[in-house]
Amino acid sequence: WNERFWLPHNVTWADLQSTEEAAFPQAEDLYLAFPLAFCIFMIRLVFERFIAKPCALGLKVQANGPQKAQPNAILEKVFTAITKHPDEKRLEGLSKQLDWDVRSIQRWFRQRRNQEKPSTLRKFCESMWRFTFYLYIFTYGVRFLKKMPWLWNTRQCWSGYPYQPLMPDLHYYYIVELSFYWSLMFSQFIDVKRKDFGIMFTHHIVTVTLITFSYVTNLTRVGTLILCLHDAADIVLEAAKMANYCKCQKLSDLLFLTFAVVFIVSRLGIYPLWILNTTLFELYEALGSFPALWVFNVLLMVLQILHCFWSYLIIKAAYRAISKGKVAKDARSDVESSSDEEETVPRSKASHSTVTTNGTSGANGTNGYLTGATSSEEH
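All figures in this text were calculated on a predicted structure; none of them were measured in a lab.

Enquirer: Where do I start with the packing of helix H8 (residues 168-187) against helix H9 (residues 197-216) in this structure?
Expert: Each pair of packed helices can be summarised by the angle the axes make with each other and by the distance between the axes. Relative to each other, H8 and H9 sit at 155°, their axes nearing to 10 Å. As judged from the angle between their axes, H8 and H9 are roughly antiparallel. As for how H8 packs across H9, the hand of that crossing is left-handed. Of the residues in H9, those in contact with His171, Tyr174, Glu177, Leu178, Tyr181, Trp182, Leu184 and Met185 of H8 are Phe201, His203, His204, Ile205, Thr207, Val208, Ile211, Thr212, Ser214 and Tyr215. A per-class count over the contact of H8 with H9 returns 11 nonpolar, six polar and one charged.

Spelled out as structure tokens, the structure:
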């Protein structure tokens, strides 16, 4: 807590202690995020059970999971203890041991792998929860920010810094966002597993660190701009996923293309030209340099690198959507980490292999969107 690291020159922690006249962000306020994160997770469970699930069933979202493999002790032992993807040699050995043909054994392993994948119903409920939260918090952020001068002039983020009183609405906005991302940090281990799990985990760590860091150093004005900017694309993303789970392909593709435009404009356009410009240049002009400022900017740049990676994947998916008339299978989110592929028939037995998707039509379409995280992910 060295003041020369965290604060501008000639500013001390004592200067930022809350008084009866003015309240300032205090590090201990952040402890509120942990019980609130637990409450948000409990609200999510209730929401998914009593609101999202009935909505999904009303929209005729597939409730049953993949077909289950018939019980077989030998194959189950191989699946759980040795490999979920037996090679050609092992397949032939099992074929002789069980007196099954190779194709039947391949089918068993494919069905057994699919048993571990989440149902479309579960994925719909998860997306509906995130859509509802993002819509609520984005609406709250817009209503709050439209009254604030720093929305229209980013130099106002640094006017009077760091002696900027903490408004109750801003405090609520920050703590709820932080609590939500803490809940995602833990729930992602039980949520639908995606291929970019590691990247999303990094994203959540950066997000929580940025929110915490900016609150402690009272960089909350620019922090509210970052939060609101990122939530915009996540709403459309989750809506596109829900449309896909409902098999409304045209609506899903339209929403995905809308998401692609919103994401790229906000993350590759507005974010660097509006946010990074004020934190890298306007802040330096107003206050000079201190170590915490550079740490803050490094975290913001890490976030921009993630934006570029996700934008590349989104552009690829959008190009397929335009060129083929529908969104093809995307390389990133909502493609479960458990295998999507049917085991290849040995070349000696067949001339080609078959690929299946995770419970949707052949083009995994808008089931493969980038989140967040969301979002994208994402903040």
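Let's pick the thread back up.
Enquirer: Mind showing me how you'd approach the pattern of salt bridges here?
Expert: Here the idea is simple: oppositely charged side chains can pair when their charged atoms come close. As enumerated under the stated definition, the model contains eight salt bridges in all. As a salt-bridge pair, Arg155 and Glu285 come within 3.2 Å of each other at their nearest N and O atoms. Note that Arg155 is positioned in the loop between helix H7 (149-152) and H8 and Glu285 in helix H11 (residues 249-287), a separation of 130 residues in sequence. Arg155 sits in the partly exposed class, given a relative accessible area of 44%. Salt bridges sharing common partners tie together Arg44, Glu48, Glu126 and Arg130.

Enquirer: Please clarify how the packing of aromatic side chains should be interpreted in this entry.
Expert: Each aromatic ring pair is specified by the distance between its two centres and by the angle formed by the two planes. Per the stated rule, a full pass over the model turns up 25 aromatic pairs. Seen from their ring centres, Trp182 and Phe186 are 5.9 Å apart, and the 15° between their planes marks the pair as stacked. Of this pair, Trp182 and Phe186 both sit in helix H8, four residues apart, roughly one helical turn. Residue class for Trp182 comes out buried when judged on its relative accessible area of 18%. Residue class for Phe186 comes out exposed when judged on its relative accessible area of 55%.

Enquirer: Which parts of the structure should I look at to understand the environment of Gln111?
Expert: Along the chain, Gln111 falls in helix H5 (residues 102-115). It is 5.2 Å that separates the C-alpha atoms of Gln111 and Ala69, two residues lying 42 residues apart in sequence. Aside from chain neighbours lying at most four places away, what touches Gln111 is Gln67, Lys68 and Ala69.

Enquirer: I'm lost on the confidence of the model for the chain in this one. Help?
Expert: Residues shown with low pLDDT carry predicted positions that ought not to be read at fine detail. Across the chain, the average pLDDT comes to 83, with 84% of residues at or above 70. Low pLDDT (under 50) marks residues 328-379, which in the prediction has 187 contacts with non-local residues, meaning those over four places away or in another chain.

Enquirer: What should I look at first to understand the packing of helix H4 (residues 88-98) against H5 in this one?
Expert: Direction vectors running N to C along H4 and H5 enclose 110°, while the axes themselves pass 9 Å from each other. Judged on the interaxial angle alone, H5 and H4 are roughly perpendicular. Packed against H4, whose contacting residues are Leu91, Leu94 and Ser95, the element H5 presents Val102, Ile105, Gln106 and Phe109 at the interface. When its residues are assigned to classes, the contact of H4 with H5 shows five nonpolar, two polar and no charged.

Enquirer: So what exactly am I meant to see when it comes to unusual backbone geometry here?
Expert: Note on backbone geometry: most residues besides glycine have negative phi, and most peptide bonds are trans. The omega torsion across Tyr161 and Pro162 is 5°, close enough to zero to call that bond cis. Looking at where Pro162 falls in the secondary structure, it is placed in the loop between H7 and H8. Notably, Lys60 is not glycine yet its phi reads approximately 65°, a positive angle. Relative to the assigned elements, Lys60 resides in the loop between helix H2 (33-58) and helix H3 (73-81). When its relative accessible area of 72% is taken as the criterion, Lys60 is described as exposed. The backbone of Lys247 shows a phi angle near 65°, a positive value even though the residue is not glycine. With respect to the helices and strands, Lys247 occurs in the loop between helix H10 (220-245) and H11. You can call Lys247 exposed: its relative accessible area is 66%.

Rules used throughout
- Residues numbered from 1 in each chain as written.
- Predicted model: local features only at pLDDT ≥ 70, side-chain atom pairs only at ≥ 80, totals over all residues.
- Heavy atoms only, no water.
- Axes fitted to C-alpha atoms, helices over the stretch in contact; angles between N-to-C directions.
- Helix = DSSP H or I, 4+ residues; strand = E, 2+ residues; numbered from the N terminus.
- Parallel < 35°, antiparallel > 145°, perpendicular 65-115°, else oblique.
- Left-handed = near helix turned anticlockwise from the far one by under 90°.
- Contact = heavy atoms within 4.5 Å.
- Nonpolar A, V, L, I, M, F, W, Y, C, P; charged D, E, K, R; others polar.
- Salt bridge = Lys/Arg side-chain N within 4 Å of Asp/Glu carboxyl O.
- Buried < 20%, exposed > 50% of the residue type's maximum accessible area, 1.4 Å probe, protein only.
- Phe/Tyr/Trp six-rings, centres within 6.5 Å; stacked < 30°, edge-to-face > 60°.
- pLDDT = per-residue confidence, 0-100.

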